[in-house]
There are 2 protein chains.
Amino acid sequence: MNAAADRLKQARDEFVAQWGALGTQWGINRTMAQIHALLMITPEPMTTDEVMQELEISRGNAHSNLKELVAWGLIRVVVKKGERREFFEAEKDVWQIFIIVARERKRREIEPALAILHKCAEESREIDTPDGHAFHKQMRQLEEFVGFTSKMADQISSMKHGLALQLAAKLLG
Amino acid sequence: MNAAADRLKQARDEFVAQWGALGTQWGINRTMAQIHALLMITPEPMTTDEVMQELEISRGNAHSNLKELVAWGLIRVVVKKGERREFFEAEKDVWQIFIIVARERKRREIEPALAILHKCAEESREIDTPDGHAFHKQMRQLEEFVGFTSKMADQISSMKHGLALQLAAKLLG
DNA sequence: CATAATTTTCAATAAATACTGAAAATTCAG
DNA sequence: CTGAATTTTCAGTATTTATTGAAAATTATG
């Protein structure tokens, strides 16, 4: 009987493929999302070669995306004794994954926006015309709001899963 | 004296250019982000030709990105009496902008993920092997968490600015 | 209606991004 | 040290995404 094994393989393959397709929407490349998906559903750490084989991708591609995922903190390198090769395993805790993604997005999307808004608000501070005032005000409003969002993200990211859950329950209740 | 006007022009141009560069990170194209930035800081509604001229882009490009922004709800068409051309103006309220972006992201990023997770969880429900159980559990956990996030996003999006502010204050306090 | 203004479409092209594969560099074991 | 295993780099290529510009379609005006 290998019906069960076959069905499982099919379900796993589908998850990896679809998650990869989604990655595009998320602003990360397909391969990175696929590798992440693959490692999330693989109990044992995998080698670069295993990843290459499973996803049918080149060594260079596997390598660079594995490194990128390590840089994000979504996967880690595992060294096995008696093994020279590096193994990779995914962070599997959903709250942890959420925090990592939230932090990275904040760093890449919110912080640069805040910097621009702050600079433009500063540069227009003393332009003493009606248009100048309007522009300055608009920049200030945006800066204030984005700064607020940034602080919120930090706050939530620093929560323990349980605490976040409590807050959420209250919000949804 | 036009020093003030010059400084303002420079600040505005910088904002548009930088916001456009940021757009790339946000998963929207540069032009769309630039047009949005331009309209956010322009008090009077603008025509397609004015946008083309200001950003030095083609008609086709201006047209399709204006339509896309209208579809998002970030800008609206304004008709002026005695004018045949369409004018466009941006939503300027920051909370409103936030909600629109949040909704769109939920629709494009969270909902498809949820659908995949649900499907994979279903398909693995009855695979009666240890590996099958592990996969199913992983899918269930992810589905639950993403579903949760989805509900939270709805909840926050439906809040009035003031209420959201209160919540945030409590969180940050 | 005719026609001029305006909007919309879309094939061709350009630009940005991702991937391959092989060579170079590094690491480790004997 | 030597050489095999492994990791890293990167020039070339492929793929995807964005933009142009001109033609077609639509819409308002006299």
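This text goes with the structure placed above it.
First, a word on what this report is: a plain description of the structure on this page. Computed from a predicted model, the values in this text were never measured in an experiment.

1. Re the overall build of chain A
- When helices and strands are tallied, chain A shows 7 helices and 3 strands.
- Order of helices (α) and strands (β) in chain A, N terminus to C terminus: α-α-β-α-α-β-β-α-α-α.
- On C-alpha atoms alone, chain A measures out to a radius of gyration of 22 Å, which is more than a quarter above the 16 Å that the 2.2 N^0.38 rule sets for 173 residues.
- Dimensions along the principal axes, computed over C-alpha positions, put chain A at roughly 80 × 45 × 30 Å.
- Residues counted as buried form 46% of the 173 residues belonging to chain A.
- Residue pairs in contact within chain A that sit at least 24 positions apart in sequence constitute 54% of those at least 6 positions apart.
- Carbon together with sulfur atoms contributes 52% to the accessible area of chain A, which is approximately 9500 Å² in total.
- For chain A, the centre of its 24 positive side-chain charges and the centre of its 25 negative side-chain charges are spaced 4 Å apart.

2. A word on the relation of the copies chain A and chain B
- The transform that puts chain A on chain B rotates by 180° and translates by 0.0 Å along the axis, for an RMSD of 0.0 Å. The superposition operator between the copies reduces to a two-fold rotation axis. Within chain A, Gly27 of chain A has its C-alpha nearest the rotation axis, a separation of 2.9 Å.
- A shared interface surface links the copies, since 100% of the contact residues of chain A are contact residues in chain B too.

Definitions and limits used
Residues numbered from 1 in each chain as written. Chains lettered and ligands numbered in written order. Predicted model: local features only at pLDDT ≥ 70, side-chain atom pairs only at ≥ 80, totals over all residues. Heavy atoms only, no water. Helix = DSSP H or I, 4+ residues; strand = E, 2+ residues; numbered from the N terminus. Rg over C-alpha atoms; globule rule 2.2 N^0.38 Å. Buried < 20%, exposed > 50% of the residue type's maximum accessible area, 1.4 Å probe, protein only. Contact = heavy atoms within 4.5 Å. Areas by Shrake-Rupley, 256 points an atom, 1.4 Å probe, with all protein chains shown as cover. Lys, Arg positive; Asp, Glu negative; His and termini not counted. Charge placed at Lys NZ, Arg CZ, Asp CG, Glu CD. Least-squares fit on C-alpha atoms with pLDDT ≥ 70 in both.

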